[in-house]
Amino acid sequence: MEPILQVRDLRTSFFTSGGEVQAVRGVSFDVEKGKTLGIVGESGSGKSVTSLSILKLLGATGRISSGSIKLDGEELTTKSKKEMRAVRGGRVAMIFQDPMTSLNPLLPMGDQVGEMIWAHDKRLDKKERMEKVVELFRLVRIPEPEKRLKSFPHEFSGGMRQRVMIAMALACRPELLIADEPTTALDVSIQDQILKLMRSLQREMGMSIMFITHDLGVVAELCDRVAVMYGGMIMEEADILDIFQRPRHPYTMGLLASIPDMNMDKRKQLQPIPGSPPDMIHPPKGCPFAPRCPYAMGICLEEMPPYAQTGENSRSMCWLLHSDCPAEGNPFRQGKEALA
Ligand SMILES: Nc1ncnc2c1ncn2[C@@H]1O[C@H](COP(=O)(O)OP(=O)(O)O)[C@@H](O)[C@H]1O
Ligand SMILES: [Mg+2]
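Residues numbered from 1 in each chain as written. Chains lettered and ligands numbered in written order. Predicted model: local features only at pLDDT ≥ 70, side-chain atom pairs only at ≥ 80, totals over all residues. Heavy atoms only, no water.

> Where do I start with the site of ligand 1 in this structure?
Around ligand 1, a shell composed of 13 residues is seen, among which G44, G46, K47, S48 and V49 lie nearest. Interatomic distance of 3.1 Å between a backbone N/O atom of S45 and an oxygen atom of ligand 1. At a separation of 2.9 Å, an oxygen atom of ligand 1 approaches a polar backbone atom of V49. Sorting the residues of the shell around ligand 1 by element identifies β1 (5–16), β2 (19–31) and α1 (47–54) as the ones contributing at least two each. Here the shell around ligand 1 is built from residues that sort into five nonpolar, six polar and two charged. (Near = heavy atom within 4 Å. Polar contact = N/O pair within 3.5 Å; in protein donor to acceptor, adjacent residues only side chain to side chain. Helix = DSSP H or I, 4+ residues; strand = E, 2+ residues; numbered from the N terminus. Nonpolar A, V, L, I, M, F, W, Y, C, P; charged D, E, K, R; others polar.)

See the structure below:
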């Protein structure tokens, strides 16, 4: 089956007074129909720019310099602004971290979601639109939906506002939902509820999801596959179980070590990776993670590692996996297997 989204060698830059910010540097991945792909990585790794490139929401300074983005086989990079508007909020919908910035504080929630419905179907009158809104509120499990139509955004809790955003995204029955850190601003328990909601909505509606987060723990709840991003590149990509059971990249291992464990003292558990992300105006010529990598070798700073096939359906961009790299004492190689 053809993937719903196929991204190939995507490169996106921002042209600023300080120079060209190379935010995304050759990213390729697929989102399979009905599946969830997680894009994970620390802040600044290029996750949001990847998703904004798909929707061509890069602003005046951003530009896709090369690559291909296909939605169900149809190339998006060559589409006009008008055509892209039809794609956004049509076949592809997006939800962001902070619902308050996308909601009008002066407009009742029912009217806001109603506007979204009107934008896609101008035949419905106000009463029919409100019925649709109630239906959507019910879908995202907002209690007493009829009563909430006249409430304003500030009268909703953060979790309820994010439910409204999801309802708006679902109004047009998208084939692909792009969620960029939708639960980051929420308490852990509310976050969990939203993730469960998204999972059951996906089952009910059969849509595909691209879920962006800096938190590998969140990915475990929801995703079938994960792409781990750093320095504008995908460091490792694998099925969810492989990532947790057999991470094949030092950066992935670092992210795993920084997941808080509910059963343990959080202060002891959290181990952020020491060091800071690369300067994307002057990105390093070798592996972007090398300056922070506990296993870095000479070559890592000099040359970009090729992808090594680490399983039937997984790859990792690391010199440690190269066939020329000694297998002995190598945490990423099993015995003497050669991977690249
Ligand atoms: N509008 C912009 N202008 C210039 N640089 C930007 C812009 N948006 C993002 N960047 C830069 O692109 C890189 C990737 O950013 P982003 O995709 O937002 O990271 P993430 O979502 O993974 O936290 C960062 O170095 C960031 O500073
Ligand atoms: Mg982001």
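Still more to cover.
> Which parts of the structure should I look at to understand the environment of M168?
Turning to its location among the elements, M168 is positioned in helix α7 (residues 158–170). Along the sequence, M168 and I142 sit 26 residues apart, while their C-alpha atoms lie 13 Å from each other. Ignoring anything within four residues of it in the chain, the contact list for M168 reads L103, Q112, V113 and M116. (Contact = heavy atoms within 4.5 Å.)

> When you look at the domain arrangement of the chain in this model, what are you seeing that I'm missing?
Interface size is commonly expressed as the accessible area that is lost once the parts come together. Parsing the chain into structural domains produces domain 1 (1–91 + 174–276) and domain 2 (105–172). Taken together, the 16 residues of domain 1 in the interface contact 12 residues of domain 2. Counting each side, the surface lost to burial between domain 1 and domain 2 is near 1,200 Å², with a carbon and sulfur contribution of 69%. Linking E204 and R141 is a salt bridge whose minimum nitrogen-to-oxygen distance equals 3.1 Å. For the pair domain 1 and domain 2, the number of links is four residue pairs in polar contact (both at pLDDT 80 or more). The greatest single-element share of the side of domain 1 that touches domain 2, amounting to nine residues, is contributed by helix α8 (residues 188–205). (Domains from an automatic or database assignment. Buried area = accessible area lost by both parts, 1.4 Å probe. Salt bridge = Lys/Arg side-chain N within 4 Å of Asp/Glu carboxyl O.)

> What is the right way to read the pairing of strand β6 (residues 92–95) from this model?
Consecutive side chains of a regular strand alternate in pointing toward one face of the sheet and then the other. Judged by which residues are buried, β6 turns out to be covered on both faces: V92 and M94 on one side and A93 and I95 on the other are all buried. Both β6 and strand β7 (residues 176–180) contribute to a ladder of four bridges, which runs parallel. Each residue of the ladder has a partner; that of I95, found in β7, is A179. (Buried < 20%, exposed > 50% of the residue type's maximum accessible area, 1.4 Å probe, protein only. Pairing = 2+ DSSP bridges.)

> What am I meant to see in the sheet that holds β7 here?
Pairing between sheet strands relies on hydrogen bonds along the backbone, with the strands arranged either parallel or antiparallel. As summarised here, the arrangement of the eight strands in space is β6-β7-β8-β3-β9-β10-β12-β11, forming an open sheet in which the pairing is mixed. In this open sheet, the two strands that pair with only one neighbour each are β6 and β11 (307–311). Recorded for the sheet is a direction-independent mean angle of 20° between the axes of neighbouring strands. Bridge count for strand β3 (residues 36–40) against strand β9 (residues 225–230) is four bridges, and the pairing is parallel. Looking across to β9, one finds that V40 is bridged to V228. Its contacts with the sheet place α1 against β3, β6, β7, β8 (208–213) and β9, and it is angled at close to 145° to β8. (Axes fitted to C-alpha atoms, helices over the stretch in contact; angles between N-to-C directions.)

> Explain the nonpolar core here, please?
In a soluble, globular protein the nonpolar side chains are often hidden away together inside. Counting residues in hydrophobic clusters, the biggest one holds 63 residues, and the most contacted among them are F137, I166, L170, M198, F211 and L216. With eight residues, the single largest contributor to this core is α7. Here this core spans two domains, and each of domain 1 (1–91 + 174–276) and domain 2 (105–172) adds at least three residues to it. In this view, F137 contacts M109, V113, I142, P145, R148, L149, V164 and A167; residues no more than four positions away in its chain are not counted. I69, M84, M229 and I234 belong to the second largest nonpolar core, which has 30 residues in total. (Core = buried A, V, L, I, M, F, W, Y, C linked by side-chain atoms within 4.5 Å.)

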